[in-house]
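Listed below are the residues making up each chain.
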There are 2 protein chains.
Amino acid sequence: MSETESETAPARVLCLGLAVQDYVFSLPEMPTTAEKFRASDMAVTGGGGAANAAVAVARLGGGALLATRLGADRIAEAIVADLEAEGVDCSHSVRYEGCTSSISAVLVDGAGERMVVNYRDAALPQSVDWLPDPAGLSLGAVSVDNRWPIGAAHLLGLARAAGLPGVLDGEAPMDSCGAAMLAASHVAFSRQGLTDWAGTDDIAAGLTAAAKLRNGGFVCVTDGADGIHFRHGATQGHVPAFRVRVVDTLGAGDVWHGAFALSLAEGHTATDAIRFASAVAALKCTEFGGRRGIPSRAQVETFLREHSS
Amino acid sequence: MSETESETAPARVLCLGLAVQDYVFSLPEMPTTAEKFRASDMAVTGGGGAANAAVAVARLGGGALLATRLGADRIAEAIVADLEAEGVDCSHSVRYEGCTSSISAVLVDGAGERMVVNYRDAALPQSVDWLPDPAGLSLGAVSVDNRWPIGAAHLLGLARAAGLPGVLDGEAPMDSCGAAMLAASHVAFSRQGLTDWAGTDDIAAGLTAAAKLRNGGFVCVTDGADGIHFRHGATQGHVPAFRVRVVDTLGAGDVWHGAFALSLAEGHTATDAIRFASAVAALKCTEFGGRRGIPSRAQVETFLREHSS
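What counts and how
- Residues numbered from 1 in each chain as written.
- Chains lettered and ligands numbered in written order.
- Predicted model: local features only at pLDDT ≥ 70, side-chain atom pairs only at ≥ 80, totals over all residues.
- Heavy atoms only, no water.
- Pairing = 2+ DSSP bridges.
- Helix = DSSP H or I, 4+ residues; strand = E, 2+ residues; numbered from the N terminus.
- Axes fitted to C-alpha atoms, helices over the stretch in contact; angles between N-to-C directions.
- Buried < 20%, exposed > 50% of the residue type's maximum accessible area, 1.4 Å probe, protein only.
- Arc of directions from axis to C-beta.
- Contact = heavy atoms within 4.5 Å.
- Least-squares fit on C-alpha atoms with pLDDT ≥ 70 in both.
- Parallel < 35°, antiparallel > 145°, perpendicular 65-115°, else oblique.
- Left-handed = near helix turned anticlockwise from the far one by under 90°.
- Nonpolar A, V, L, I, M, F, W, Y, C, P; charged D, E, K, R; others polar.
- Buried area = accessible area lost by both parts, 1.4 Å probe.
- Salt bridge = Lys/Arg side-chain N within 4 Å of Asp/Glu carboxyl O.
- Polar contact = N/O pair within 3.5 Å; in protein donor to acceptor, adjacent residues only side chain to side chain.
- Phe/Tyr/Trp six-rings, centres within 6.5 Å; stacked < 30°, edge-to-face > 60°.
- Expected span 1.5 Å × (residues − 1).

Asker: Help me understand the sheet that holds strand S8 (residues 102-108) of chain B in this model?
Answerer: Hydrogen bonding along the main chain pairs the strands of a sheet, whether they run parallel or antiparallel. Within the open sheet, the five strands sit side by side as S3(A)-S9(B)-S8(B)-S2(B)-S4(B). Their pairing is mixed. The open sheet terminates on both sides in strands that have one partner only, identified here as strand S3 (36-39) of chain A together with strand S4 (41-47) of chain B. Taken pair by pair, the neighbouring strands of this sheet meet at an average axis angle of 20°, ignoring direction. Looking at chain direction, strand S2 (residues 20-26) of chain B and S4 of chain B are connected through seven bridges and run antiparallel. Residue pairing for S4 of chain B: Tyr 23 of chain B is matched across the bridge by Val 44 of chain B.

Encoded structure:
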């Protein structure tokens, strides 16, 4: 491969974590009682943190690889078919006989806010033997959700050893993510994830505690319309969210993580990566149906030019 | 057919209304916020008012026929395959090209209470031409949910003309069920259905208004653990619910209606039919997974003997 080709080859990101079949229901208001409600719209779509991140990488022109644990069932077939149609390489995923693949019921209200009820099979084996070594995959970064803490810590450790950026999506179960929190080069919490981990909904206090545990390593929280707060060494900052007409926030955080990891893989600074990822996530929220709304690279670049002032 | 054979042939009930694919999630507590929740158990199962009623009729030894509108899609194939495995005759149902079959997300909490979010395709044609005439089907009764008011009113009218009992499940949309309310021989509201229809949660006032509209025709409300309140001409009464360990109330009302219609089809009085249906619904609630828990006739008879004091 010539140097020029090497420079223009797309950056590759390995995403580890959850791939899900989502049943997404749209309702005027979020139901809160044990009654019957009628949805105005419905979509059956792929979801899950790592899978959504991988689709974002692929739509944005990156090379996307997914490592996930599935059951050997029809749900897995649908999940993988959807991902392969998006250009995601699923050859590093595993299917276990006798296990059930993950599905979610998702309720999206008139303001675009979403409730996710996810089922994952607690009997999925914990073995990490099948996980690939990032060093051998010509990667630019790995991006990891925390739904399988043992796998997350293992892959982030390998990425660190290979000198690759490793992004951790800080979400539940946050009581068992200590190893992953230390191995990651970048930890990006959701608001709910930071609250769960820190035991307080004071964002500043939570970030300070996380930054201390990580000896000043990069840590941030994505707080929806309130934008991103981050800490990195002695630096702390805030990047506001882009203002868009929000239709559906489902998967916005996942997509943010995939875009953030891709931008790091392309050699951008964390601050530039935050801005890029925030544009991608904002555009995603303008369409109903979870990952359906993930934009192309061209759409993001146009959007960023329009919002460059 | 000899007279003896005719007497022992199972009573047949035609059920009209909704057939659904349910994705049922079990959680310790009912979620009420736009956050992420993890389910402890999950079942993919058939549901829908008329379909659940038909399965109850079949499990209880009756002849069950289902008239429902489906899309011409994979969901319909799964719905019909499940019903045929239960012995329900689906030959009087219709599948429309370009339409989507109905699916629901169902959340069941630790107390067995359920939230149902249902999607049905508003573009399903309203034509009633395909509906069979109950007079030609050797039926003992028809049982109708109100999710398709035009079809419900049409079939209940035909049943009345044929001199057959016609049971209406009084649920939404109650603003457009006037014709069905008058055509039915028996109207059984859910608590939510009666409240919606009467515009008050005062059960006595709601029943009085419904009985007046129906000129004294049978009307009742099924109120979960509080049992059944009914009015019939000058008579009013209350049948207490059976005490069981409730695991999952999903479909309990539907199953009650199917069992009630079957008992009427077998020639029992409304009071006896209430007691029978209440036993069936109570047993159903003791198992997780919606219609999964519908008992056999033998189980119901044993249960009724044990609770005969």
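Asker: Can you help me understand helix H10 (residues 297-306) of chain A in this one?
Answerer: Residues separated by three or four positions in an α-helix point in the same direction, a consequence of the helix having 3.6 residues per turn. All names here are of chain A. Where H10 is concerned, the buried positions are Val 300, Phe 303 and Leu 304. All buried residues of H10 project into a common sector of 100° when viewed along the axis, lining one side. Facing away from the buried side of H10 by more than 90 degrees, the exposed set consists of Ala 298, Arg 305 and Glu 306. Buried residues in H10 make contact with helix H9 (270-284).

Asker: Help me out: how do you make sense of the relation of the copies chain A and chain B in this one?
Answerer: Think of it as a corkscrew move, a rotation about one axis and a shift along it, taking one chain copy to the other. You can overlay chain A on chain B at an RMSD of 0.0 Å; the transform is a turn of 180° with a shift of 0.0 Å along its axis. Expressed as an axis order, the relation between the two copies is that of a two-fold axis. Closest approach to the rotation axis among the C-alpha atoms of chain A is made by Thr 32 of chain A, whose C-alpha sits 2.2 Å away. With an isologous cut-off of 70% or more, the 100% of interface residues of chain A that recur at the interface of chain B puts this contact in the isologous class.

Asker: Sorry if this is basic, but what is going on with the packing of helix H6 (residues 191-198) of chain A against helix H7 (residues 203-213) of chain A here?
Answerer: The packing of two helices is summarised by the inter-axis angle and the distance between the axes. Residue and element names in this part refer to chain A. At a closest axis distance of 10 Å, the pairing of H6 and H7 adopts a crossing angle of 70°. By the angle between their axes, H6 is roughly perpendicular relative to H7. Note on packing geometry: the crossing formed by H6 with H7 is left-handed. Seen from H6, the contacting residues are Arg 191, Leu 194, Trp 197 and Ala 198; seen from H7, they are Ile 203, Gly 206, Leu 207, Ala 209, Ala 210 and Leu 213. In terms of residue class, the contact of H6 with H7 is built from eight nonpolar, one polar and one charged.

Asker: What exactly am I supposed to notice about the interface of chain A and chain B here?
Answerer: How big an interface is tends to be reported as the loss of accessible area on association of its parts. Facing the 35 residues of chain A at the interface are 35 residues of chain B. When chain A packs against chain B, the two sides together hide about 3,200 Å² of surface, and 60% of this comes from carbon and sulfur. Three residues stand out in chain A for area buried against chain B, namely Lys 36, Arg 38 and Tyr 119 of chain A, and they jointly supply 21% of the buried area on that side. As a salt-bridge pair, Lys 36 of chain A and Glu 171 of chain B come within 3.0 Å of each other at their nearest N and O atoms. Linking chain A with chain B are 19 residue pairs in polar contact (both at pLDDT 80 or more), by the criterion used here. Of all elements in the fold, only strand S2 (20-26), S3, strand S4 (41-47), strand S8 (102-108) and strand S9 (114-119) of chain A reach the threshold of two or more residues within the side of chain A that touches chain B. Among the elements that make up the side of chain A that touches chain B, the one with the highest residue count is S9 of chain A (six residues).

Asker: Can you walk me through the environment of Leu 207 of chain A in this structure?
Answerer: Residues and elements named next belong to chain A. Relative to the helices and strands, Leu 207 is located in helix H7. You can call Leu 207 buried: its relative accessible area is 2%. A sequence separation of 18 residues divides Leu 207 from Phe 189, and the C-alpha atoms of the two residues are 9.2 Å apart. Here Leu 207 is in contact with Leu 194, Val 219, Cys 220, Val 221, His 229, Phe 230 and Arg 231, once residues within four sequence places are set aside.

Asker: Which parts of the structure should I look at to understand the packing of aromatic side chains?
Answerer: Each aromatic ring pair is specified by the distance between its two centres and by the angle formed by the two planes. All names here are of chain A. Counting across every chain of the model gives 13 aromatic pairs over all chains. On the numbers, 5.8 Å between centres and 35° between planes, the contact of Phe 189 with Trp 197 is tilted. According to the relative accessible area criterion, Phe 189 is buried, its value standing at 0%. Ring geometry for Phe 218 against Phe 230: centres 6.1 Å apart, planes inclined by 15°, an arrangement best described as stacked. Here Phe 218 is found in strand S13 (residues 218-222), whereas its partner Phe 230 is found in strand S14 (residues 228-232), with 12 residues between them in sequence. Members of the aromatic cluster, joined through ring pairs, are Phe 218, Phe 230, Trp 256 and Phe 260.

Asker: Just checking my understanding: could you explain the sheet that holds strand S11 (residues 166-170) of chain A for this structure?
Answerer: Residues and elements named next belong to chain A. Within the open sheet, the eight strands sit side by side as S5-S1-S10-S11-S12-S13-S14-S15. Their pairing is mixed. In this open sheet, the two edge strands, each paired with only one partner strand, are strand S5 (63-67) and strand S15 (235-239). The average undirected angle you get between the axes of adjacent strands in this sheet is 20°. In terms of strand pairing, S14 meets S15 through five bridges, oriented antiparallel. In the strand pairing of S15, Ile 228 is matched with Val 239.

Asker: What am I meant to see in the pattern of salt bridges here?
Answerer: Pairing is possible between side chains that carry opposite charge, provided their charged atoms lie close to one another. Residue and element names in this part refer to chain B. Evaluated as defined, the whole model comprises 12 salt bridges over all chains. Across the pair Glu 301 and Arg 297 runs a salt bridge whose closest N-O atoms are separated by 3.5 Å. In this pair, Glu 301 and Arg 297 are both assigned in helix H10 (residues 297-306), four residues apart and thus about one turn of the helix distant. We classify Glu 301 as partly exposed; its relative accessible area is 39%. Residue Arg 297 is classed as partly exposed on the basis of its relative accessible area of 21%.

Asker: Sorry, what's going on with unusual backbone geometry here?
Answerer: Glycine aside, residues mostly have negative phi, and peptide bonds are mostly found in the trans state. All names here are of chain A. In this model, Ser 138 sits at a positive phi of 50°, which is unusual for a non-glycine residue. By secondary structure assignment, the location of Ser 138 is in the loop between S9 and strand S10 (141-145). What makes Ser 138 exposed here is its relative accessible area of 61%. A positive phi angle is found at Asn 215, which is not glycine, with a value near 50°. Locating Asn 215 in the fold gives a position in the loop between H7 and S13. Look at Asn 215 and you get exposed, because its relative accessible area is 72%.

Asker: Would you take a moment to explain helix H8 (residues 252-265) of chain B for this structure?
Answerer: Residue and element names in this part refer to chain B. For H8, with 14 residues, the first-to-last C-alpha span of 20 Å sits near the 20 Å given by 1.5 Å per residue. With 13 of 14 residues buried, H8 lies mostly within the body of the structure. Positive backbone phi, at 95°, marks Gly 267, one or two positions downstream of H8.

Asker: Please explain the pairing of S2 of chain A as it appears in this structure.
Answerer: Within a regular strand, the side chains alternate between the two sheet faces. Residues and elements named next belong to chain A. Taken across its seven residues, S2 has seven buried, putting it largely inside the fold. Taking every second residue as pointing to the same face, both faces of S2 are buried, with Val 20, Asp 22, Val 24 and Ser 26 on one and Gln 21, Tyr 23 and Phe 25 on the other. Taken together, the seven bridges between S2 and S8 define a ladder with parallel strand orientation. Looking across to S8, one finds that Ser 26 is bridged to Val 108.

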